[in-house]
Amino acid sequence: MKKIIYILGILLLVGSSLYYYSFVYSKNHHRDVQTENSIVISSDSLTNAYQNNEQLANMHFLNKAVEVTGTILTINNDQAGHKTILIGKADAFSNVSITLTSSEPISKKIGDIITVKGVCTGNLSDVIINEGVIK
Amino acid sequence: MKSIIKSFCLIVFTAISMQSNAQKVFATKTGQLFFNASGGIEKIAAVNNQVDSKFGEATGQIIFGVLIKGFKFENQLMEDHFNENYMESSQFPKADFKGYIKNIKDIDFSKDGKYPANFDGTLTIHGVAQKVTTVGQVEVIQGKPIITGEFSVKIKDFGIKGLYIGEKIANEAKIRVNCKYQN
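As for the overall build of chain A
Argument step 1. The helix and strand tally for chain A stands at three helices and six strands.
Argument step 2. Here chain A, with 135 residues, has 31% of them falling under the buried criterion.
Argument step 3. For chain A, restricting intrachain contacts to residue pairs at least 6 apart in sequence, the fraction spanning at least 24 positions comes to 59%.

Below, the structure is given as structure tokens:
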């Protein structure tokens, strides 16, 4: 009888731990890119890497924390209200599009140099950085 | 004098011809795509706020592109499983739709209103391309179009494998698009 209670207790503990991790902890704890070591790079080098060889660039940057520096070309909001910044060169075919975590107004303006740390999610028309925080 | 007038007329005619042939292209880099594959009591839903899309007003040619790692879930574990176990996003980092709005001529971009739109094209997810035909809507507000639409895809049609498909995860995922374009 003691053995059955012991086994049931262990099963209950394991089950509740799994439930807590899957549905409570994971819902409230998201990846924090800002605590991770980042690849420091200029916006031009990042876009060039993707323009030259997207597959190779993905191997280096996809899902990695990057700290990217460049000139602000546009400042906008996306449809969900997040602040977005495009950095790079005005005449370039592709630039770096960053979505910031904060929707607060930023002190920098178009033409200023800015450094943002975020996670690289790949390349569409521009290289995309998510969860950006201004450094 | 005659030759000057002739040259001037030629230049004006050429300029007018070029203008009439030029196609207005609407574009956005911050469209929204909602994904829902809830199969049971558990909500399996995500949003991507960086849909890259453009379409031509004259031809109706349209493209949507999304990065798989750009989908945000409420639950981090779910997001990790989505990327690693199902979409294999390191190997297949993007999905796209390339096709046409077949009835583009029925949409008057100079007049505010809601117009039904018939989409026909190829949807590529997980490296697998499938023909897709669906109906959506183009709403024109002050010359700027908003495309909305919803359609379902059978997850296994795109070579996506993994546990729980057909159980906790629905066999068919609902995709909802909401893109506000600039010109």
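Back to the write-up after that little detour.
Focus: the environment of B:Thr148
Argument step 1. Positionally, B:Thr148 belongs in strand S8 (residues 144-154).
Argument step 2. Apart from residues no more than four positions distant in its own chain, B:Thr148 is found in contact with B:Gly136, B:Gln137, B:Val177 and B:Asn178.

Here we look at the interface of chain B and chain A
Argument step 1. Each partner contributes residues to the interface: chain B has 20 residues there, and chain A has 23 residues.
Argument step 2. Of all the secondary structure elements, the ones that give two or more residues to the side of chain B that touches chain A are strand S1 (25-38), strand S2 (45-56), strand S3 (61-67), helix H2 (76-86) and strand S9 (169-180) of chain B.
Argument step 3. Tallying contributions element by element places S1(B) first for the side of chain B that touches chain A, with four residues.
Argument step 4. For the side of chain B that touches chain A, a count of residues per class yields three nonpolar, eleven polar and six charged.

Some thoughts on the pairing of strand S7 (residues 128-141) of chain B
Walk down a regular strand and you will see the side chains alternate between the two sheet faces.
Residue and element names in this part refer to chain B.
Argument step 1. Judged from the 13 bridges that link them, strand S6 (residues 113-125) and S7 form a sheet pairing that is antiparallel. Its bridge partner lying in S7, Leu123 is registered against Gln130.
Argument step 2. From the end of S6 to the start of S7, which pair antiparallel, there are two residues, and His126 there has a positive phi angle of about 60°.

Some words on the pairing of S1(B)
Residues and elements named next belong to chain B.
Argument step 1. Alignment of S1 against S2, held across nine bridges, turns out to be antiparallel. When the bridges of S2 are listed, Thr28 appears paired with Ser53.
Argument step 2. Following S1, the chain reverses through six residues before pairing antiparallel with S2.

Structural notes on the nonpolar core
Argument step 1. Membership of the largest hydrophobic core comes to 56 residues, with the highest contact counts inside it found for A:Ile85, A:Ile87, A:Val96, A:Ile98, A:Val127 and A:Ile129.
Argument step 2. Of all the elements, S9(B) adds the most residues to this core, at five residues.
Argument step 3. Setting aside anything within four residues of it in sequence, one finds A:Ile87 in contact with A:Ser43, A:Gly70, A:Thr71, A:Ile72, A:Leu73, A:Asn95, A:Val96, A:Ile98 and A:Ile114.

Focus on the confidence of the model for chain B
Residue and element names in this part refer to chain B.
Argument step 1. Taken over all residues, the pLDDT of chain B has a mean of 89, while the share at 70 or more is 88%.
Argument step 2. Segment residues 15-20 is flagged for pLDDT under 50; beyond a separation of four residues in sequence, or across chains, it makes zero contacts in the model.
Argument step 3. Interface confidence for the predicted complex, given as ipTM, is 0.83, next to a pTM of 0.85.

What to know about the confidence of the model for chain A
Keep in mind that low pLDDT regions are not for reading the predicted coordinates in detail.
Argument step 1. On average, residues of chain A carry a pLDDT of 90, and 90% of them reach 70 or more.
Argument step 2. The element-level mean pLDDT for chain A is lowest in helix H1 (residues 2-28) of chain A, coming to 70, with strand S1 (residues 39-42) of chain A highest at 98.

Quick look at the environment of A:Ile39
Residues and elements named next belong to chain A.
Argument step 1. Relative to the helices and strands, Ile39 is located in strand S1.
Argument step 2. The partly exposed category is assigned to Ile39, around which 13 C-beta atoms lie within 10 Å.
Argument step 3. With residues near it in sequence (within four places) discarded, Ile39 still touches Phe61, Lys64 and Val66.

Focus on helix H3 (residues 54-61) of chain A
Residues and elements named next belong to chain A.
Argument step 1. Considered for burial, the residues of H3 that qualify are Ala57, Asn58 and Phe61. Summarising the axial view, the buried residues of H3 lie within an arc of 105°, below the 170-degree limit, and thus occupy one face. Along H3, exposed side chains directed more than 90 degrees from the buried face belong to Gln55, Leu56 and Met59.
Argument step 2. A positive backbone phi angle near 70° is found at Asn63, which sits one or two residues after H3.

Thresholds, definitions, all that
Residues numbered from 1 in each chain as written. Chains lettered and ligands numbered in written order. Predicted model: local features only at pLDDT ≥ 70, side-chain atom pairs only at ≥ 80, totals over all residues. Helix = DSSP H or I, 4+ residues; strand = E, 2+ residues; numbered from the N terminus. Buried ≥ 20, exposed ≤ 12 C-beta atoms within 10 Å, placed from the backbone. Contact = placed C-beta atoms within 7 Å. Nonpolar A, V, L, I, M, F, W, Y, C, P; charged D, E, K, R; others polar. Pairing = 2+ DSSP bridges. Core = buried A, V, L, I, M, F, W, Y, C linked by C-beta atoms within 7 Å. pLDDT = per-residue confidence, 0-100. Arc of directions from axis to C-beta.

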